[in-house]
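Observations on the model geometry
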Amino acid sequence: MKSETDFINNLLNEKNKDRAFKKLLDLYQERLYWHVRKIVITHENSNDVLQNTFLRVYKSLPNFKQQSSLHTWMFKIAYNESIRFINNEKKKRNESFDDISETYLNSLTSDSFFEADEVQFKLQQILAALPERHRHIFQMKYFDDLKFKEMATILAMKEGTLKTSYYATVKQIKEKMLNVELFLKNEV
Amino acid sequence: MNFKENRDLAKTHKKDLGLSVPENYFSTSKNEILTKISGEKKVKVVPLYQNKFVWFVAAGITLLVALTVFKPNLFSNIDNNPSIVSDSLFNNENLDLVYDLFLADKEDITVASLFMDDTEISNYIANNIIEEILIDDEIDYFMLEDMLNDEMDIN
């Protein structure tokens, strides 16, 4: 790929857009799926949100102002779609703040594509107990490998605030994982 | 485009979080997304300004306003009409006929509406014409919300 601008031009060009969009799917489908999956939890819901994300990307491309990179823009759309989805679910269930952690674990354990050993389940429990925003920040940095600068654009937050939140969450997770296997020890 | 190393995302999520996907999920999903997008291409929204009916209604409303403003005595001078016309216009039976014509035939809206009460016209426009315009252009509440959401995403 020559440059991002060339790629975007191909996405907007009537003649090349189909091929370019397939390329975009190859590059981002799996990345965005895992990003969405950690927010909406179940595979089935993630599949719906992923499809909506790419549909929205397709419809919004002509209006993409390139104020951020394509990478950041794609993640922002996926994040917004995921948040819209979980907010709608909360409204349907008339859910209070206290129920969120329980709902997270219930959704997880009801998903046939979740199978965890003791360590994995412990980590999921710790993540479920975190405030939603802190959990998302941790997941975006640790699992999705996003830069703080990119996260600042996606979440509309200051980089400094994100760093503080991330390192505080990492510390919290480490402390809670000490009594289980320290599989995060060398990675976080 | 700055891409990070190609980590095996599926393996990481399985190992650390116990999450997995169905076999061949990503190739199936790719086809589903492409099918949805090709369906999206076929949906063509006709802008309001290209709709002939909208222009027709707009012209009718303009004519009504123009007649009310520039010919305020048009209706009050109706007694000056030949008696046969005047009689027929004030005959209840004929008024009902005009009303029926107005409701039955929207093509005659500008003529028939001259003999209608303003409230009746407003009600008719509110209950029928606006709804028809919305249906014609497939801009229902959900699509409007979708458009607003698009704007939010873009910004």
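Please refer to the structure higher up on the page.
These lines cover the structure that appears in this document, whether it is placed above or below.

Conventions adopted
- Residues numbered from 1 in each chain as written.
- Chains lettered and ligands numbered in written order.
- Predicted model: local features only at pLDDT ≥ 70, side-chain atom pairs only at ≥ 80, totals over all residues.
- Heavy atoms only, no water.
- Helix = DSSP H or I, 4+ residues; strand = E, 2+ residues; numbered from the N terminus.
- Contact = heavy atoms within 4.5 Å.
- Salt bridge = Lys/Arg side-chain N within 4 Å of Asp/Glu carboxyl O.
- Buried < 20%, exposed > 50% of the residue type's maximum accessible area, 1.4 Å probe, protein only.
- Buried area = accessible area lost by both parts, 1.4 Å probe.
- Core = buried A, V, L, I, M, F, W, Y, C linked by side-chain atoms within 4.5 Å.

Residue and element names in this part refer to chain A. Tracing the sequence through the fold places H134 in helix α7 (residues 132-142). Sequence spacing of H134 and Y166 is 32 residues, and the spatial spacing of their C-alpha atoms is 7.1 Å. Residues contacting H134, with those up to four places away along its chain left out, are S165 and T169.

All names here are of chain A. Tallied over the full model, the rule gives 11 salt bridges over all chains. With a shortest N-O distance of 3.0 Å, E132 and K90 are connected by a salt bridge. Residue E132 is located in helix α7, and its partner K90 is located in helix α4 (residues 70-93); the two are separated by 42 residues in the primary sequence. Relative accessible area serves as the criterion here: at 16%, K90 is assigned to the buried category. Three or more residues are tied together by salt bridges with common partners; here these are R56, E81 and R84.

Let's shift gears to the interface of chain B and chain A. Counting residues at the interface gives 36 residues for chain B, matched by 55 residues for chain A. Of the roughly 4,500 Å² buried where chain B meets chain A, counting both sides, 55% is carbon and sulfur surface. Run the count over chain B and chain A and you get one salt bridge. Across the pair D26 of chain A and K30 of chain B runs a salt bridge, and its minimum N-O distance is 2.7 Å.

In terms of nonpolar packing, the biggest core is built from 66 residues, with F21, L24, F54, L70 and M74 of chain A touching the most fellow members. Among the elements that take part in this core, helix α2 (residues 17-40) of chain A stands out by supplying 11 residues, more than any other.

Next up on the list: unusual backbone geometry. Residues other than glycine seldom take positive phi values, yet A156 of chain A does so here, at roughly 55 degrees. Mapped onto the secondary structure, A156 of chain A falls in the loop between α8 (148-155) and α9 (159-177). A relative accessible area of 68% places A156 of chain A in the exposed class. Look at N24 of chain B: it is not a glycine, yet its phi comes out positive at around 60 degrees. On the secondary structure map, N24 of chain B appears in the loop between α1 (9-17) and α2 (25-42). Its relative accessible area of 55% is what places N24 of chain B among the exposed residues.

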